[in-house]
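Working through the structure, step by step
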Amino acid sequence: MTEWLGLPALASANGGQIDGLIGWTHIFMLLLFVGWGGFFIFALIRFRRARNPVANYAGVKSHASSYLEVAVAVVEAVLLIGFSIPLWAARVDRLPPENQAIVVQMTAEQFAWNVHYAGPDGVFGRMDNKFIDVQDNPLGIVRSDPASKDDVTTINQLYLPANRPVIVKLRSKDVIHSFNLPEFRVKQDAIPGLTIPIWFIPNVTTAEMRSRTSNAEFQYEIACAQLCGLGHYRMRGFVTILSADEFQKWMEDKLKENADPFK
Ligand SMILES: [Cu+2]
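First, a word on scope: everything that follows refers to the structure included in this document. (Residues numbered from 1 in each chain as written. Predicted model: local features only at pLDDT ≥ 70, side-chain atom pairs only at ≥ 80, totals over all residues. Heavy atoms only, no water.)

**Things to note about the side chain of Thr206**
Selection criterion: Each helix is a run of DSSP H or I of at least 4 residues and each strand a run of E of at least 2, with the numbering of both proceeding from the N terminus. Three exposure classes are used, based on accessible area relative to the maximum for each residue type with a 1.4 Å probe and protein chains only: buried under 20%, partly exposed in between, and exposed over 50%. Note on definitions: a residue-residue contact is assigned when non-hydrogen atoms from the two residues lie within 4.5 Å.
In this structure, Thr206 sits in helix α3 (residues 206–212). The class for Thr206 is buried, based on a relative accessible area of 5%. Apart from the residues lying within four places of it in its own chain, the contact partners of Thr206 are Phe218, Tyr220, Val239, Thr240 and Ile241.

Quick look at the structure:
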């Protein structure tokens, strides 16, 4: 219904609502543009100098323009109160329960995305800045913490299962970045000092999207949507949506890799 907007292909269960809101906003704004534009042209002709050589000190008596303005305000209030605020509340306030979701910590830094999974125990290992090592431990995970033993980390590669809520806990190590997944209609700033949760339900696997777009190289991307420094242009990650089984397998492979001291 919103193809005319030319948005990227939709790949999340919740994105349709956002597209709908964007569509309605465009329609209302188009109506406003045409309405006010028409009124402007009417005023130019109606009050032209040739017809009104002397200024009219009494001015307009009719209340038509006041009613019009009230109507515009009502439409805008409906957009805001009827659509935007409930959608915002649903997307931001009501997170799905963590035990039914896959929870990922995403830490932005100049200029990469650090992805952190809790592993089978579901508990993230502690992090401490004094253990940060740019090469080996960019998140400063405390290796002596038993909860960190099965943690899985990747850089710029976010793997997720399809059709399950994903909660991303967004952090930043340095400046403000913005986590943008265009196909999932997700965009949230990462603010240093804050952990901001966002959630979405991806419902089209990478393989499905590849066949749908007949592009064998199709990749979902993570874009940084805030100019965050000189390397901003290369702050680009990838999202791979797998089926539940494939994701399970990927996670097991990662755990094996972690356990292998000669990796
Ligand atoms: Cu950035």
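**Some details on the sheet that holds strand β3 (residues 152–155)**
Our working definition: Strands were regarded as paired on the criterion that DSSP finds at least two bridges between them. Structural elements are reduced to axes, namely lines fitted to C-alpha atoms, with helices fitted over the stretch in contact, and the angle between N-to-C directions of any two is expressed from 0 to 180 degrees.
Sheet architecture is open: five strands sit in the order β3-β2-β1-β5-β8, paired in mixed fashion. Pairing within the sheet leaves two strands with one partner each, and these edge strands are β3 and β8 (196–200). Within this sheet the neighbouring strands show an average axis-to-axis angle of 25°, counted without direction.

**Quick look at the coordination of the copper ion**
Put simply, the rule is: Ligating atoms shown are N, O and S within 2.8 Å of the metal, or 3.2 Å for Na, K and Ca, and water is not included, meaning a site may look less than complete. Angle rules define the geometry names used: all angles between 85 and 135 degrees makes four donors tetrahedral, while opposite donors over 155 degrees apart and all other angles between 65 and 115 make four donors square planar and six octahedral, leaving every other case irregular.
Ligation of the copper ion by protein atoms is provided by His177 (ND1), Cys224 (SG), Cys228 (SG) and Met235 (SD), these donors lying 2.1 to 2.4 Å from the ion. For the copper ion, the four donor atoms are set out with angles of 93 to 121° between them, so the coordination reads as tetrahedral. Sequence spacing among the residues donating to the copper ion works out to H-x46-C-x3-C-x6-M. Considered together, Cys228 and Met235 belong to a single accessibility category, that of buried residues.

**Quick word on the pattern of salt bridges**
Selection criterion: The term salt bridge refers to a pairing of a side-chain nitrogen on Lys or Arg with a carboxyl oxygen on Asp or Glu at a separation within 4 Å.
With the rule as written, the count across this model stands at nine salt bridges. The partner of Glu257 in a salt bridge is Lys254, and the shortest N-O contact between them spans 3.5 Å. Here the residue Glu257 and the residue Lys254 both occupy positions in helix α4 (residues 244–259), the gap between them amounting to three residues, near one helical turn. For Glu257, a relative accessible area of 39% gives the class partly exposed. The network of salt bridges with shared partners includes Lys249, Asp253 and Lys256.

The values reported here are purely geometric and, on their own, carry no functional implication.
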